[in-house]
Amino acid sequence: SILVTCNQIIRAPAVRSVYRSGRFAAQVYCRYPNPNIASQCMQEKTLFKSNHPIRSSFSHAMMSVGTDSAASTSFKSFLSQVPESIYKTKKCHNTIMGNEAGDADSIVSALCLAYIKSFNATTPSNSGSCIHVPIVSIPREDMALRRDVLNLLELAGIEKDDLLYINDPIVSANLFVKDDAAQDYTNESYTPKLQITLVDHNKLRSSLREQKFYRNVVEILDHHVDELAHAGVTGDSRQVAFDAKESKALVGSTCTLVTECYMRYYEAEINKGGGSTTKGIDSNMALLLLGVILLDTNDMSTQSGKGTPRDARAIQFLMDRTDWNHFDILDATPTNMFVTDSDGAVRTPNRPNLYAYLHTAKFDAKFWNDMTTKDALRIDYKQYEDGATQKLSFGLSSVLLPISNIVNKKEFYKTAANFTM
């Protein structure tokens, strides 16, 4: 076993040891039971004491986050190394985050885009010197309400507790620091220590705008109506896949745009004869992207009309170019989720079953009916503002229940009248 020590005691739930392929690795997370203690421990760098050697390959992987050499780091390893990487690099942090509703598209697109940027220096607004930090754009305690996201993360072998959330102490203390608000954006040589990439929305949430982080936004990847905020973000750094004239989205999911980022990287590597892509896409990342695109497009249902040819190409790319043979099926994974060969190796996900599994989790009537009024209102809440004066604001809650069911919830009218985010 591995003993992780600090000047103050960190209980077992805050520490996770991993044993794989003869390698020992220790990981510390700024989470339960006391994130502040874990954060202090990481700052003091009293991270590891072990009666087993931690191989140099693990240390090298830790060092490689945010550099081109990180292509050899798996998606799961990248995510587990993010908290420590924040302390390792003080020069620049590119915080990648979705909208405040924090649905599957917002969460997964942030996680996957950060990973792609960590080894692909040609992506927009990627200086190569920044650490790319994916943030789950909702409070940690709210993740329990995202059943579709939880199911998908579990399928991909990603621990929800290992991710960084918008209200984690490590985020507020090391990323959204008032002194790092961009000051001189007119100077082309000026690079703010904190950079922000928006996914699945194109206007920074009001709480961060009030803290003067408006100018820290350097990139946008979205498929909603362009609110024309952050005028300094232009060209390839501003990908808003929405046709204003036709008033329709050009893709059904931001995860399609993230997949297209990988497609461009993949094609460029093939054209220059690079060997790094011949092994296929990381299967854990691919499953997350595939699952969300299927969910957002209703598995490309022609009846719903949400899917586009770009979504279809992204789905096919993920199905065909992913190294599914190295995907580990967990014991808890439903048996019909993957197509396997005679020896149990994964060939491809079972697309209809994967979609049905996630769709059922999201739209489960019992889950919604059992939810409190406040939780039902806040689970998918978005706030909008008057573009001209910025003084008038209103919110929209998407509730997946008939109106009669929601108004019959306990103290609905009182809770709704008092509801604020």
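Before going into details, it helps to say that this report is about the structure given with it. (Residues numbered from 1 in each chain as written. Predicted model: local features only at pLDDT ≥ 70, side-chain atom pairs only at ≥ 80, totals over all residues. Heavy atoms only, no water.)

## Notes on the overall build of the protein chain
Inclusion rule: Under the scheme used here, helices are H or I runs from DSSP no shorter than 4 residues and strands are E runs no shorter than 2 residues, and both carry numbers assigned from the N terminus. Partly exposed residues are those whose accessible area sits between 20% and 50% of the maximum for their type, while under 20% is buried and over 50% is exposed, using a 1.4 Å probe and protein chains only. What makes two residues a contact is simply this: any of their non-hydrogen atoms within 4.5 Å. The method behind every accessible area is Shrake-Rupley, applied with a 1.4 Å probe, and residues are considered shielded solely by the protein chains displayed.
The helix and strand tally for the protein chain stands at 15 helices and 15 strands. Split into buried and exposed, the 421 residues of the protein chain put 50% on the buried side. Residue pairs in contact within the protein chain that sit at least 24 positions apart in sequence constitute 66% of those at least 6 positions apart. Accessible surface, the protein chain: about 20200 Å² in total, of which carbon and sulfur atoms supply 50%.

## Remarks on the packing of helix H3 (residues 75-88) against helix H4 (residues 104-119)
Working note: a packed helix pair is described by the angle between its axes plus the distance between those axes. Just so we agree on the cut-off: Here, axes are lines fitted to C-alpha atoms. For helices the fit covers the stretch in contact, and angles between N-to-C directions go from 0 to 180 degrees. Under this scheme an angle from 65 to 115 degrees is roughly perpendicular, one under 35 degrees roughly parallel, and one over 145 degrees roughly antiparallel; angles in between are oblique. When residues are sorted by character, Ala, Val, Leu, Ile, Met, Phe, Trp, Tyr, Cys and Pro go into the nonpolar class, Asp, Glu, Lys and Arg into the charged class, and all the rest, Gly among them, into the polar class.
Contact geometry for H3 and H4: axes closest at 10 Å, N-to-C directions at 95°. When the axis of H3 is compared with that of H4, the two are roughly perpendicular. Facing H3, whose interface residues are Phe75, Phe78 and Leu79, H4 presents Leu111, Cys112, Ala114, Tyr115 and Ser118. Of the residues assigned to the contact of H3 with H4, the class counts are 7 nonpolar, 1 polar and no charged.

## Overview of the state of the cysteines
This is how the line gets drawn: We call a pair of cysteine sulfur atoms a disulfide when they lie within 2.5 Å.
Under the counting rule described, the total for this entry stands at 1 disulfide. The disulfide that involves Cys92 links it to Cys130, with 1.7 Å between the sulfurs. For the disulfide bridge between Cys92 and Cys130, the dihedral angle about the S-S bond is near 50°, and by the sign convention the bridge is right-handed. Residue Cys92 is located in the loop between H3 and strand S5 (93-97), and its partner Cys130 is located in the loop between H4 and strand S6 (131-135); the two are separated by 38 residues in the primary sequence. Comparing Cys92 with Cys130 shows no difference in burial state: the two are buried. Free cysteine: Cys255, not disulfide-bonded; nearest cysteine sulfur from Cys112 at 6.1 Å. Judged by its relative accessible area of 0%, Cys255 is buried.

## Here's the deal with the packing of helix H9 (residues 283-296) against helix H10 (residues 309-321)
Short version of the rule: Note: crossing handedness is left-handed where the near helix turns anticlockwise from the far helix by less than a right angle, and right-handed where it turns clockwise.
Axis separation between H9 and H10 bottoms out at 10 Å; the angle between their running directions is 150°. One element, H9, and the other, H10, form an angle in the roughly antiparallel class. For the crossing formed where H9 meets H10, the hand is left-handed. Contacts from Ala286, Leu289, Leu290, Ile293 and Leu294 in H9 reach Asp311, Ala314, Ile315, Leu318 and Met319 in H10.

## Quick word on helix H8 (residues 254-271)
Stated formally: Working rule for helices: expected span equals 1.5 Å times residues minus one. Any pair of N or O atoms that falls within 3.5 Å is considered a polar contact. Within protein, one atom must be able to donate a hydrogen and the other to accept it, and sequence-neighbouring residues count only if both atoms are side-chain atoms.
Helix length check: H8, at 18 residues, gives a terminal C-alpha distance of 26 Å against a target of 26 Å (1.5 Å per residue), a fit within 8%. The element H8 is largely enclosed, with a buried count of 13 among its 18 residues. Where H8 begins, one side-chain oxygen reaches toward the backbone nitrogen of Cys255, 3.1 Å away; that side chain belongs to Ser253. Directly beyond the C-terminal end of H8, a positive phi value near 80° is found at Gly273.

## Quick notes on the layout of surface pockets
Rolling a probe over the atoms, with the probe sized like a water molecule, indicates the empty space that remains. The condition that has to hold: In this analysis a 1.4 Å probe is tested at points of a 1 Å grid over the protein atoms alone, and where it fits but cannot get out there is a cavity; an open set with protein on both sides within 12 Å along at least five of seven lines is a pocket; lining residues have an atom within 4 Å of a point. Grid points are joined across faces, edges and corners, and a volume is the space filled by probe spheres set on the points.
Counted as a void, the second largest pocket has a volume near 860 Å³. Asp103, Asp296, Lys306, Lys362 and Asp380 are, among the 38 residues lining the second largest pocket, the residues nearest its centre. Contributing elements (two or more residues each) for the lining of the second largest pocket: H4, helix H5 (147-155), strand S11 (248-249), H9, helix H11 (351-363), helix H12 (365-370) and strand S14 (381-385). Broken down by element, the lining of the second largest pocket gets its largest block of residues, 4 residues, from H11. Taken together, the residues that form the lining of the second largest pocket break down as 15 nonpolar, 11 polar and 12 charged.

## Focus on empty space enclosed by the protein
Applying the stated rule across the entire model yields 2 cavities of 30 Å³ or more. There is about 50 Å³ of room inside the second largest cavity. Together, Leu79, Val82, Pro83, Leu111, Pro134, Val136, Asp162, Leu163 and Leu164 line the second largest cavity. Along the lines of polarity and charge, the residues of the lining of the second largest cavity split into 8 nonpolar, no polar and 1 charged.

## So, the sheet that holds strand S8 (residues 217-222)
The following threshold applies: Two strands make a pair as long as DSSP finds a minimum of two bridges between them.
Spatially, S6-S5-S7-S8-S9 is the arrangement adopted by the 5 strands of the open sheet, whose pairing is parallel. Both edges of this open sheet fall to S6 and strand S9 (238-240), since each of them pairs with a single strand only. Strand-to-strand, the axes of this sheet are offset by a mean angle of 20°, without reference to chain direction. Relative to strand S7 (residues 194-199), S5 runs parallel, the two being bridged by 5 bridges. Note on S7: the bridge partner recorded for Met97 is Leu198. Lying over the sheet, H3 contacts S5 and S6, oriented at roughly 115° with respect to S6. In the packing of H4 onto the sheet, the strands contacted are S5, S6, S7 and S8, and the crossing angle to S6 comes to about 170°.

## A closer look at the packing of aromatic side chains
Applicable threshold: Each pair of aromatic rings taken from Phe, Tyr and Trp, with Trp reduced to its six-membered ring, is defined by centres within 6.5 Å and is described as stacked if the planes are under 30 degrees apart, edge-to-face if over 60, and tilted in the remaining cases.
Tallied over the full model, the rule gives 14 aromatic pairs. Ring centres of Phe367 and Trp368 lie 6.3 Å apart, and the angle between their planes is 80°; on these two criteria the pair is classed as edge-to-face. Accessibility assignment for this pair places Phe367 and Trp368 in one class, buried. Aromatic pair Tyr381 and Phe419: ring centres 5.4 Å apart, planes at 80°, arrangement edge-to-face. Here Tyr381, found in strand S14, pairs with Phe419, found in the segment after helix H15 (412-418); they are 38 residues apart in sequence, far enough to count as distant. For the pair Tyr381 and Phe419, a shared accessibility class is recorded, and that class is buried.

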